[in-house]
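In case you want the letters, here they are:
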Amino acid sequence: MLKRGGRVILFLPKYSGRLLGPPLGLLSLAGSLRAAGYEPLIIDGALHSNHMAGIQAALDDALCFGVSLLTGPMIRDAIAASRMVRRLRPDLPIVFGGWHPSLQTAGTLREDFVDVVVRHQGDKTLVEIADRLAAGNGLDMVAGCWFKRDGRIIRNPDRPASPISDLAAPAYDLADFDEYADRGGGRKLPYATSIGCPYACNYCTDVVFYNRRFNAYDVSRVVEEVTSLVRRHRVDEVALVDSNFLVDVRRAVGIARGFLDSGLRFKWTFQASTDLLVRMSDEDVALLGASGVTHIGFGTESASPEVLTWMNKKHQNIEDIYEAARKCSQAGIRVTLNLIFGYPGEQEFHRRETLRVMSDIGTRFDNVTFSPNIFTPYPGIPIWPDLRERGLHEPETLEEWADIDLGSSTLPWLQGKPYETLRRSISYLILDNEVNKASRKSGSAAVKSVLSLLRKPLHWRLRNHSFEWPVELWLSVARKWMVMRRSLLTGQPLAQTLSRSA
């Protein structure tokens, strides 16, 4: 039954990189708003190049303009859209939410184009805000939000997190899966079986956002809902966005068995920590593979026990990384080991040890690739006091936070030659990933043998930390230029040319 009514615009700013599929966070908010009688309108800036025109066309009868964003470059698009809304509809409340506004609430509200910030889990809070706005009432004591009155920030108490099973289902019907597939996003379904992670890694925002509480659907709901969505939207791949899917191993195995017993065949992926996967038997991991798991991302971060201790990642040990790779290889599951370099206190000998271990793992298991990143100081993480003491400037405005990018380094302790050496080592890890991917895609035994030989000097360099005269990198760049030239001459799309030449 409709309770109030009115359009609520939900905007996801554009982001760099490949299209990730429908925005699950906004679909979740839309489900709760619609259940309460409102008309949610989702505008995905990553999907629609003309999203500014779409926002403008929807403003006339809107109840409020909502923006969800992460720290980093997407903030710039959020600022541009919000300033346009403020100019065209000065009376329209602008509500920010998501990870960055939750972790930097006061700083976000200091911007003149932000009226309200929804903190943490926003489903119930946003509905209550909409109720107050529709009735012409203020936001005093609306738990879970801060707002401005006469330029002064009013800090309402936080709202306790609700069990996710008590919230309305995400409004997946509002996502045009055909359009995402046409734009290169594939028929991919983002789905969360749980939120939260019990660990407290010092670099992670999850511990701040969810307070180490694991909040999950039961097995039957996940199996029933996912299989229904796969059928309805003809989904090829389900990307679980859980912080750590394997926190409850028995539950994870039950979900895999449910998918397998459904008779549907679809790919699914998730991320987890290696210590949890190694608790599973080889048979249970094989069940994951049989049920459709094609890829698992592990937050391994470092192979230096000292750095792992500084990260408060005591649950991670090196033997588990090898064992997780072995179990997954045996089950036919690809693995990505995520790495963080440049963590405060890390020295070059720590990085050498990480590269040595990862090179060894890459040599032993051809199902493993790596995702190396430089430490990014996200807002709210537990070690900010230490970062300030080390001379790191904490951004004060939204525009400054937009410059915090995963691929760049602003770390005072990682500059000059150490930084350039690290960048080159990361380039070699990425090149090894590319060769490994090409080998997996190739159906020719001869090609696989050649590519296996090509990986040997890459692994030697990584093991020995020897990056002078990077001939392999030069050849790789030359090859990419040749592929681009071929694409221009033939008129064939670059992505297609790269795929065929891999």
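Since this is a predicted model, take the numbers as computed values, not measurements.

A. View of the sheet that holds strand β4 (residues 94–97). Taken in spatial order, the 7 strands of this open sheet run β2-β1-β3-β4-β5-β6-β7, and their pairing is mixed. Each having just a single partner strand, β2 (39–44) and β7 (152–155) make up the two edges of the open sheet. Neighbour-to-neighbour, the strand axes of the sheet open up by a mean angle of 20°, direction not taken into account. Relative to β2, strand β1 (residues 7–12) is paired through 6 bridges, and the arrangement is parallel.

B. Layout of helix α10 (residues 249–262). An ideal rise of 1.5 Å per residue puts 20 Å on 14 residues; α10 measures up with 20 Å between its terminal C-alpha atoms. Inspection of α10 places Val249, Arg251, Ala252, Val253, Ile255, Ala256, Gly258 and Phe259 among the buried residues, and these make up the whole buried set. Of the surrounding secondary structure, the elements contacted by the buried residues of α10 are β9 (194–195), β10 (215–216), α9 (219–233), β12 (267–272), α11 (274–277) and α12 (282–291). Its side-chain oxygen placed 3.3 Å from the backbone nitrogen of Arg250, Asp248 serves as the N-cap of α10.

C. Structural detail: the packing of α12 against helix α14 (residues 318–331). For the pair α12 and α14, the least separation of the axes is 8 Å and the interaxial angle reads 55°. Relative to α14, the element α12 lies oblique. When you trace α12 past α14, the crossing you get is right-handed. Contacts between α12 and α14 involve Asp282, Val285, Ala286 and Gly289 from the former and Arg326, Lys327, Cys328, Gln330 and Ala331 from the latter. Considered class by class, the residues forming the contact of α12 with α14 number 4 nonpolar, 2 polar and 3 charged.

D. Structural view of helix α15 (residues 348–364). In a regular helix each residue adds 1.5 Å, so 17 residues correspond to 24 Å; α15 covers 24 Å between its end C-alpha atoms and thus fits that length. Within α15 the residues assigned to the buried category are His350, Arg351, Thr354, Leu355, Val357, Met358, Ser359, Asp360, Ile361 and Gly362.

E. Structural view of a positive patch on the surface. Together, Arg18, Lys267, Arg334, Lys437, Arg440, Lys441 and Lys448 give the surface a local cluster of positive charge. Along the chain, Lys437 turns up in helix α18 (residues 416–441). The exposure class of Lys437 is partly exposed, given its relative accessible area of 47%.

F. Focus on the nonpolar core. If you look at the biggest cluster of nonpolar residues, it comprises 147 residues, and the most contacted ones within it are Phe65, Phe96, Tyr191, Val238, Trp268, Phe270 and Ile361. Sorting elements by how many residues they give to this core places α18 first, with 8 residues. Excluding anything up to four places from it in sequence, Phe65 contacts Ile9, Phe11, Ile55, Ala81, Ser82, Val85, Leu92, Pro93, Ile94 and Val95.

G. Spotlight on the confidence of the model for the protein chain. Taken as a whole, the protein chain shows an average pLDDT of 90; of its residues, 93% reach a score of 70 or greater. Across residues 492–502, where pLDDT falls below 50, the model places 19 contacts with residues more than four positions away in sequence or in other chains.

H. Highlighting the sheet that holds strand β8 (residues 188–191). In space, the 6 strands of this open sheet follow the order β8-β11-β12-β13-β14-β15, with parallel pairing throughout. Among the strands making up the open sheet, the edge pair consists of β8 and β15 (368–374). Averaged over all pairs of adjacent strands, the angle between strand axes in this sheet comes to 20°, irrespective of strand direction. Each of β13 (293–301), β14 (334–341) and β15 touches α14; the most contacted strand, β13, lies at about 175° to it.

I. Quick peek at the pairing of β4. Of the two faces of β4, the one holding Ile94 and Phe96 and the one holding Val95 and Gly97 are both buried throughout. Taken together, the 4 bridges between strand β3 (residues 62–68) and β4 define a ladder with parallel strand orientation. The residue of β4 that forms the bridge with Phe65 is Ile94. In this region the chain leaves β3, passes through helix α3 (residues 74–88) and returns to the parallel neighbour β4; the handedness of that crossover is right-handed. Pairing geometry for β4 and strand β5 (residues 116–118), over 2 bridges, is parallel. Residue pairing across strands places Val95 opposite Val116, the latter belonging to β5.

J. Quick look at the environment of Trp268. Examined against the element boundaries, Trp268 turns out to sit in strand β12. As a C-alpha pair, Trp268 and Tyr343 span 75 residues in sequence and 31 Å in three-dimensional space. A polar side-chain atom of Trp268 sits 3.2 Å from a polar atom in the side chain of Ser291.

K. The arrangement of the pattern of salt bridges in detail. A complete count under the given rule lists 27 salt bridges for this structure. Note that Asp173 and Arg34 form a salt bridge whose closest N and O atoms lie 2.8 Å from each other. One end of the pair, Asp173, is in the loop between β7 and α7 (177–182); the other, Arg34, is in helix α1 (residues 24–35), and 139 residues separate them in sequence. Residue class for Arg34 comes out partly exposed when judged on its relative accessible area of 36%.

L. The arrangement of the packing of aromatic side chains in detail. Tallied over the entire structure, the rule returns 13 aromatic pairs. Seen from their ring centres, Trp384 and Trp401 are 6.4 Å apart, and the 85° between their planes marks the pair as edge-to-face. Of this pair, Trp384 sits in helix α16 (residues 384–389) while Trp401 sits in helix α17 (residues 398–401), placing them 17 residues apart in sequence. Given the relative accessible area of 3%, Trp384 is considered buried.

M. Region of the structure containing the pairing of β13. The buried fraction of β13 is high, at 8 of 9 residues. Where β12 and β13 come together, 5 bridges link them in parallel fashion. In the strand pairing of β13, Trp268 is matched with Val293.

N. The arrangement of unusual backbone geometry in detail. In this model, Asp150 sits at a positive phi of 55°, which is unusual for a non-glycine residue. Its place among the elements puts Asp150 in the loop between β6 (145–149) and β7. At Arg234, a position not held by glycine, the phi torsion is positive, near 55°. If you trace the backbone, Arg234 turns up in the loop between α9 and β11 (237–240).

Conventions adopted
- Residues numbered from 1 in each chain as written.
- Predicted model: local features only at pLDDT ≥ 70, side-chain atom pairs only at ≥ 80, totals over all residues.
- Heavy atoms only, no water.
- Pairing = 2+ DSSP bridges.
- Helix = DSSP H or I, 4+ residues; strand = E, 2+ residues; numbered from the N terminus.
- Axes fitted to C-alpha atoms, helices over the stretch in contact; angles between N-to-C directions.
- Expected span 1.5 Å × (residues − 1).
- Buried < 20%, exposed > 50% of the residue type's maximum accessible area, 1.4 Å probe, protein only.
- Contact = heavy atoms within 4.5 Å.
- Polar contact = N/O pair within 3.5 Å; in protein donor to acceptor, adjacent residues only side chain to side chain.
- Parallel < 35°, antiparallel > 145°, perpendicular 65-115°, else oblique.
- Left-handed = near helix turned anticlockwise from the far one by under 90°.
- Nonpolar A, V, L, I, M, F, W, Y, C, P; charged D, E, K, R; others polar.
- Patch = residues over 30% accessible without salt bridge, like charges linked within 9 Å, V, L, I, M, F, W, Y side chains within 5 Å.
- Areas by Shrake-Rupley, 256 points an atom, 1.4 Å probe, with all protein chains shown as cover.
- Salt bridge = Lys/Arg side-chain N within 4 Å of Asp/Glu carboxyl O.
- Lys, Arg positive; Asp, Glu negative; His and termini not counted.
- Charge placed at Lys NZ, Arg CZ, Asp CG, Glu CD.
- Core = buried A, V, L, I, M, F, W, Y, C linked by side-chain atoms within 4.5 Å.
- pLDDT = per-residue confidence, 0-100.
- Right-handed = clockwise from strand over helix to strand, strands pointing away.
- Phe/Tyr/Trp six-rings, centres within 6.5 Å; stacked < 30°, edge-to-face > 60°.

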